[in-house]
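If you want the building blocks of each chain, they are given just below.
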Amino acid sequence: MPKKKGPPYTDDPGCKYIVIEDPWPGNASGKARTQVYYNHLCTWVRFMLGKAAEPEVVYSVNTRDEVIVQLPKQVDITPILGAHPWRRILSHGDARDKDRVSYVFEYDYRNRGEPGNHNWVENFPTVSGDPPPHLRFPVIFPYPHVSWASPKGKNCADLALPLPRTRQPTPVPDTSLFEPYQHPSQLTSGTVENAQHRVRSEAQPDRQPPGKLGKLDPYEEGVPVILHLVPPHRVDVSQKRTPCGR
């Protein structure tokens, strides 16, 4: 496609773009990203959109971890803009990733133009719809509320637009299973009693029903095993299954 004059690029691109910093599944960058990686990323974005639309293209460059996703023109991207903490959007995952956050912003098309005209490589998904049930796809659906974020100070700041005024900061309850650290100065007789109760409970034998965790499904081609956030000795990853799209 011939390059259009700009910036500013004032034409209608005929689609919508979002830029994602630290996109899930987040296990690879540059040339290490495979077709399986892009299939999982596109399925994640589909869940993010309420399964109402499919991503059309994912743009990437080897020198950046961020990706640009092309979506159909009719998609309302406002609800998905902001911070996507992995502990809130995933039902299970590697404990090392519990504090990771993906950031989604509208792509600054006016100043950056079509990604394909600026050395971004096109990657097309080869799957659509829901992944097979046996994969136990970890992205939660219905998709959790997305919290406010600013591109300022982010790696994607040169590609992103601020959130629209309709998406002003609002308190978002932490619905994850993680308990925040409580400084000793915040402890009261009630919190101390609760803490002692937790210690006694944790000292009891684990009575979790057999098969609750089971043998979870690793992804192939370098995609990390999606594990429940529990100590490693509690998990059996000896069984391999087929990745999404294979």
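Structure first, text after, so check above.
Presented here is a report on the structure given in the accompanying data block. Computed from a prediction, not measured in an experiment: that's the story for all the values here. In every chain, residue numbers begin from 1 and rise along the written sequence. Two thresholds apply to this predicted model, a pLDDT of at least 70 for residue-level local features and 80 or more for giving and counting side-chain atom pairs, whereas whole-chain, interface and lining totals are computed over all residues. Each side-chain value is derived from all of the structure's non-hydrogen atoms; neither hydrogens nor water enter the calculation.

### Brief notes about the pairing of strand β5 (residues 101–106)
We count it as follows: At least two DSSP bridges between two strands are required for those strands to pair. The way it works is that DSSP assigns letters per residue, a run of H or I at least four long becomes a helix, a run of E at least two long becomes a strand, and they are numbered from the N terminus.
Judged from the 4 bridges that link them, strand β1 (residues 15–21) and β5 form a sheet pairing that is antiparallel. Residue Val-19 lies in a different strand from β5, and its bridge partner there is Phe-105. Note: strand β4 (residues 82–85) against β5, 4 bridges, orientation antiparallel. Counterpart to Gly-82 in the pairing with β5 is Val-104.

### Details of the sheet that holds strand β2 (residues 57–60)
To be explicit about the condition: Every angle, taken between N-to-C directions, lies between 0 and 180 degrees, and every axis is a line fitted to C-alpha atoms, over only the stretch in contact when it is a helix.
Read across the open sheet, the 6 strands follow the order β4-β5-β1-β3-β2-β6; overall the sheet is antiparallel. This sheet does not close on itself; its edge strands, each paired only once, are β4 and β6 (121–123). The average undirected angle you get between the axes of adjacent strands in this sheet is 30°. The sheet contact formed by β2 and strand β3 (residues 67–72) spans 3 bridges and is antiparallel. When the sheet's bridge partners are listed, Val-58 is paired in β3 with Val-69.

### Here we look at the pairing of β1
Rule in force here: Burial status follows relative accessibility: with a 1.4 Å probe on protein chains alone, a residue under 20% of its type maximum counts as buried, one over 50% as exposed, and anything between as partly exposed.
By the criterion of burial, β1 is predominantly enclosed, with 6 of the 7 residues buried. When β1 meets β3, the two strands line up antiparallel, connected through 6 bridges. Bridge pairing in β3 links Ile-20 to Val-67.

### Here's the deal with the side chain of Asp-94
The condition that has to hold: As used in this structure description, the phrase polar contact means that two N or O atoms lie within 3.5 Å; if the pair is within protein, one of them must be able to donate a hydrogen and the other to accept it, and residues adjacent in sequence are counted only when both atoms belong to side chains.
Among the structural elements, Asp-94 can be located in the loop between α2 (86–89) and β5. Using a relative accessible area of 15% as the deciding quantity, one classes Asp-94 as buried. Among the polar contacts made by the side chain of Asp-94, one reaches the side chain of Arg-96 at a distance of 2.8 Å.

### Brief notes about the packing of aromatic side chains
We count it as follows: Stacked, edge-to-face and tilted labels apply to pairs of Phe, Tyr and Trp rings (six-membered ring for Trp) whose centres lie within 6.5 Å, assigned for plane angles under 30 degrees, over 60, and everything in between, in that order. A ring is scored as having a charge over it whenever the NZ atom of a lysine or the CZ atom of an arginine sits within 6 Å of its centre and within 35 degrees of its normal.
Evaluation of the coordinates by the stated rule reveals 9 aromatic pairs. Site record: aromatic cluster; members linked through ring pairs are Tyr-9, Tyr-17, Tyr-59, Tyr-107 and Tyr-109. A cation over a ring is seen here: Lys-51 above Phe-47, with NZ or CZ 4.7 Å from the ring centre. Stacked on the ring of Tyr-103, the Lys or Arg Lys-154 has its end atom at 4.5 Å from the ring centre.

### Describing helix α1 (residues 35–48)
In plain terms, the rule: Take the number of residues in a helix, subtract one, and multiply by 1.5 Å to get its expected span.
The terminal C-alpha atoms of α1, which comprises 14 residues, lie 20 Å apart, in line with the 20 Å expected from a rise of 1.5 Å per residue. Burial analysis of α1 places 13 of its 14 residues in the buried class, which makes it a mostly covered element. Where α1 ends, the next residue or the one after it, Gly-50, has phi of about 70°, a positive value.

### With respect to unusual backbone geometry
In this structure, the amide linkage connecting Trp-24 to the following residue, Pro-25, adopts the cis form with an omega of 10°. Considering the arrangement of structural elements, one finds Pro-25 in the loop between β1 and α1. Following Phe-141, the chain continues into Pro-142 via a peptide bond in cis, with omega recorded as 0°. Locating Pro-142 in the fold gives a position in the loop between β6 and α4 (189–203). Backbone geometry places Asn-119, a non-glycine residue, at a positive phi of 70°. Inspection of the secondary structure puts Asn-119 in the loop between α3 (109–112) and β6.

Purely geometric stuff here, so don't read any function into it on its own.
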